[in-house]
Amino acid sequence: MALIDSSPAWQALAAHWQRMAQMHMRDLFAADPDRGERLCADAAGVHLDFAKHIITDETLTLLFDLARAADLETWRARMFDGKHINSTEDRAVLHVALRNRSGRPMSVDGRDVMPDVNGVLERMRTFSDRVRGGDWQGFTGRPIRDVVNIGIGGSNLGPKMVCTALTPYQSEAPRPHFVSNVDGSHLTETLKHLDPATTLFIVASKTFTTQETMTNAQSARRWLVDGLGSEAAVRNHFVAVSTNAEKVAEFGIDTEHMFEFWDWVGGRYSLWSAIGLPIALAVGFERFEALIKGAHDMDEHFRTAPLEQNLPVILGLLGVWYIDFAGARTHAILPYDQYLEHFPAYFQQGDMESNGKHVTRDGARVGYATGPVVWGQPGTDGQHAFYQLIHQGTELIPTDFIAPIKSHNPIGDHHAKLLANCFAQTEALMRGRTLEEARDAMLASGMDSHEAARLAPQRQFDGNRPSSTLLVEQITPHTLGALIALYEHKIFTQGIVWGINSFDQWGVELGKQLAGVILSEIQAGDVSSEHDTSTTALLRYYLRRR
Ligand SMILES: O=P(O)(O)OC[C@H]1O[C@](O)(CO)[C@@H](O)[C@@H]1O
């Protein structure tokens with residue numbers, strides 16, 4: 001397969017960037033009074049404004065040509081058809097089946113997976129209703145008040161992000177907690193204020209072999225058994241979410257208390273599966289269903305809308321435009337909603353584990369940039385921390401501003417101020433401030449002309465910094481589901497353009513293997529000479545002082 005950068009579509013974009021690099025968005029807006037009304041699109045309750053980008057209609061045409069040159073529509077169909085598009089693991093990529101509310105069958109290897117998917121959803125409904133209703137009791141007969149999810153990566157970030165985002169929908173109990181780090185402090189601090197008699201543990205691991213999760217689960221089990229004085233208590237206080245029934249049984253959790261998912265669900269795309277159990281427990285199963293319905297609505301849009309009106313495709317191609325032609329290396333996600341606090345971290349894994357690849361599906365090394373460094377945090381805090389660099393630094397950083405029209409907490413004028421900041425930042429990033437404007441503003445404030453001339457270069461902003469703005473009515477289960485699916489399909493779009501497999505993660509393996517070797521040396525108190533001298537010296541330093 002020829003690399004995408006040898007396609008005429010790529011070459012055309014490279015030449016086009018040479019021209020666009022000379023343009024300023026201020027001029028593009030001035031030349032096109034309808035730009036703001038025109039360059040926006042809606043789907044599944046998400047409004048996307050993409051007018052503040054260094055693009056013209058020609059740019060968009062060339063980007064859609066590129067998507068077609070990469071066969072995006074064919075690959076999209078292959079994903080929805082359950083084909084094994086995760087070629088290195090020979091697996092289908094069918095998280096869309098987990099939220100399929102259409103009633104249509106969805107098949108993997110000729111078998112409709114929907115009966116299994118719906119069966120597990122029903123078990124989640126029954127279980128979450130029982131726990132929330134007090135019918136599922138702890139070993140001593142008391143209802144569950146706290147749920148501790150033990151998992152890491154995709155078995156942690158999704159449910160944690162969604163539970164936080166849906167805090168307004170949570171009742172007083174059960175309260176969700178998340179333990180991921182193998183650092184004993186994480187588990188200790190979480191359990192410190194909990195009562196074993198009213199705590200339920202969910203051990204969430206696709207493989208059920210992940211070192212961090214298994215270590216935390218063993219220690220949690222000890223805490224529970226010590227606290228309640230009986231091994232028999234495990235039955236009432238531990239459930240598992242996994243694809244690996246054998247390992248679950250080995251751990252000592254009855255497989256009757258296991259919620260299954262399947263190898264065609266990637267870890268970082270798994271919150272819609274039983275991995276979402278903490279969400280159903282925290283906000284109720286009906287709201288979990290509304291979340292998956294929101295995602296399904298976005299799936300239908302992604303599956304059926306023409307590329308030109310397709311939100312995930314537009315976002316994905318804009319990313320490619322900056323990463324591959326304008327030299328951007330990072331991408332910031334900036335939610336103007338405190339409840340979306342973990343949204344950037346969630347898509348840090350979603351994006352970087354998916355598209356942090358340097359070879360194509362065929363194993364050829366790419367000569368172009370692929371996935372960016374994804375980062376961010378809630379907007380106004382960011383304004384007082386890192387926005388300086390976005391506005392006046394030497395890096396080009398494309399940004400996503402995400403905001404709800406309505407707040408869950410409409411106190412005073414907080415929300416008006418929050419959104420004023422959001423809109424103002426995108427305007428400032430786009431417009432900038434010329435040297436003359438900076439100088440005139442200082443003169444108008446009474447500063448003498450010498451001082452104004454001295455300070456003007458410091459107060460001048462280039463502008464022309466791109467941003468997308470995504471607005472939803474409110475952060476509800478439905479809009480959140482749609483937003484998450486939007487980003488998932490954006491990542492898919494980019495992976496297809498780059499010709500990489502977005503669904504494996506071999507890059508995390510080497511460190512895991514070496515950690516196993518080093519752990520046995522630490523446990524034996526003896527360093528082998530196999531390491532580089534730096535690692536050996538560090539290990540010896542640690543062993544001498546521990
Ligand atoms: O669910 P598991 O099997 O414990 O894996 C946890 C995480 O580890 C990874 O395999 C690697 O970090 C992720 O892809 C995954 O989400």
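- In the nomenclature of an unreviewed UniProt entry, the protein is known as Glucose-6-phosphate isomerase of Thiohalocapsa halophila.
- Comment text from UniProt for the protein, heading Catalytic activity (unreviewed entry), reads "alpha-D-glucose 6-phosphate = beta-D-fructose 6-phosphate".
- Word for word, the UniProt comment on the protein under Subcellular location (unreviewed entry) is "Cytoplasm".

Focus on the UniProt feature "active site" (unreviewed entry) in the protein
And step 1. The residues that UniProt annotates with the feature "active site" (unreviewed entry) are Glu 353, His 384 and Lys 512. A maximum C-alpha distance of 37.0 Å is found for the annotated residues, which run over 160 residues; spatially they are spread out rather than grouped. Annotated residues from the preceding list that form part of the lining of the largest pocket: these are Glu 353 and Lys 512.
And step 2. Mapped onto the elements, His 384 comes out in the loop between helix H17 (379-383) and helix H18 (387-392).
And step 3. Relative to the assigned elements, Lys 512 resides in helix H23 (residues 509-524).

Things to note about the environment of Asn 409
And step 1. Along the chain, Asn 409 falls in the loop between strand E12 (399-404) and helix H19 (414-431).
And step 2. Its relative accessible area of 41% is what places Asn 409 among the partly exposed residues.
And step 3. As a C-alpha pair, Asn 409 and Ile 150 span 259 residues in sequence and 31 Å in three-dimensional space.
And step 4. Reaching out from Asn 409, the side chain makes a polar contact with the side chain of Tyr 339 at a distance of 2.8 Å.

Section: the layout of surface pockets
And step 1. Volume-wise, the largest pocket comes out at about 900 Å³.
And step 2. Residue lining of the largest pocket: 37 residues in total, with Thr 207, Thr 210, Gln 505, Val 508 and Lys 512 positioned closest to the centre.
And step 3. Counting only elements with at least two residues in the lining of the largest pocket, the list comes to helix H10 (211-228), helix H16 (343-355) and H23.
And step 4. The element that contributes the greatest number of residues to the lining of the largest pocket is H23, accounting for five residues.
And step 5. Lining the second largest pocket are 21 residues, and of these Gln 338, Ser 407, His 414, His 415 and Leu 418 lie nearest its centre.
And step 6. Of all the secondary structure elements, the ones that give two or more residues to the lining of the second largest pocket are H17 and H19.
And step 7. The element contributing the most residues to the lining of the second largest pocket is H19, with five residues.
And step 8. The class makeup of the residues in the lining of the second largest pocket is seven nonpolar, ten polar and four charged.

Notes on the packing of aromatic side chains
And step 1. With the rule as written, the count across this model stands at 24 aromatic pairs.
And step 2. A centroid spacing of 5.9 Å and a plane angle of 85 degrees characterise the contact between Phe 302 and Phe 492, whose relative ring orientation is edge-to-face. With Phe 302 in helix H14 (residues 285-304) and Phe 492 in helix H22 (residues 477-498), the pair connects residues that are 190 residues apart, well separated along the chain. Exposure class is identical for Phe 302 and Phe 492. Each is buried.
And step 3. Each ring, one from Phe 343 and one from Tyr 487, has its centre 5.4 Å from the other, and the planes form 80 degrees; the classification is edge-to-face. Of this pair, Phe 343 sits in helix H16 while Tyr 487 is found in helix H22, placing the two residues 144 residues apart along the sequence. Each member of the pair, Phe 343 as well as Tyr 487, is classed as buried.
And step 4. Ring-pair connections join several aromatic residues into one group, and the members of that group are Trp 10, Trp 17, Trp 321, Phe 325 and Tyr 368.
And step 5. Sitting over the ring of Tyr 541, Arg 545 keeps its end group 3.7 Å from the ring centre.

What counts, and where the lines are drawn
- Along each chain, residue indices are assigned from 1 in the same order as the chain's sequence is written.
- A pLDDT threshold of at least 70 governs which residues receive local features in this predicted model, and a stricter bar of 80 or more applies before side-chain atom pairs are shown or counted, although totals over entire chains, interfaces and linings include all residues.
- By convention in this description, side-chain values take in all heavy atoms of the structure and omit both hydrogens and water.
- UniProt positions are given in the numbering used here, feature names are shortened, and annotations may be inferred rather than shown by experiment.
- Only protein atoms enter the calculation, which uses a 1 Å grid: trapped sets of points that fit a 1.4 Å probe without letting it out are cavities, open sets showing protein on both sides within 12 Å along at least five of seven lines are pockets, and any residue with an atom within 4 Å of a point is a lining residue.
- The way it works is that DSSP assigns letters per residue, a run of H or I at least four long becomes a helix, a run of E at least two long becomes a strand, and they are numbered from the N terminus.
- Each residue's exposure class comes from its accessible area (1.4 Å probe, protein chains only) as a fraction of the maximum for that residue type: buried when under 20%, exposed when over 50%, partly exposed otherwise.
- Between N or O atoms, a polar contact is any pair within 3.5 Å; within protein, one atom must be a potential hydrogen donor and the other a potential acceptor, and residues adjacent in sequence are included only when both atoms are from side chains.
- Grid points are joined across faces, edges and corners, and a volume is the space filled by probe spheres set on the points.
- Residue polarity follows a fixed list, in which Ala, Val, Leu, Ile, Met, Phe, Trp, Tyr, Cys and Pro are nonpolar, Asp, Glu, Lys and Arg are charged, and the others, Gly among them, are polar.
- Put simply, two rings from Phe, Tyr or Trp (the six-membered ring, in Trp's case) pair if the centres are within 6.5 Å, and we call them stacked under 30 degrees between planes, edge-to-face over 60, tilted for the rest.
- Geometrically, a charge over a ring is one whose NZ (Lys) or CZ (Arg) sits within 6 Å of the ring centre while staying within 35 degrees of the ring normal.

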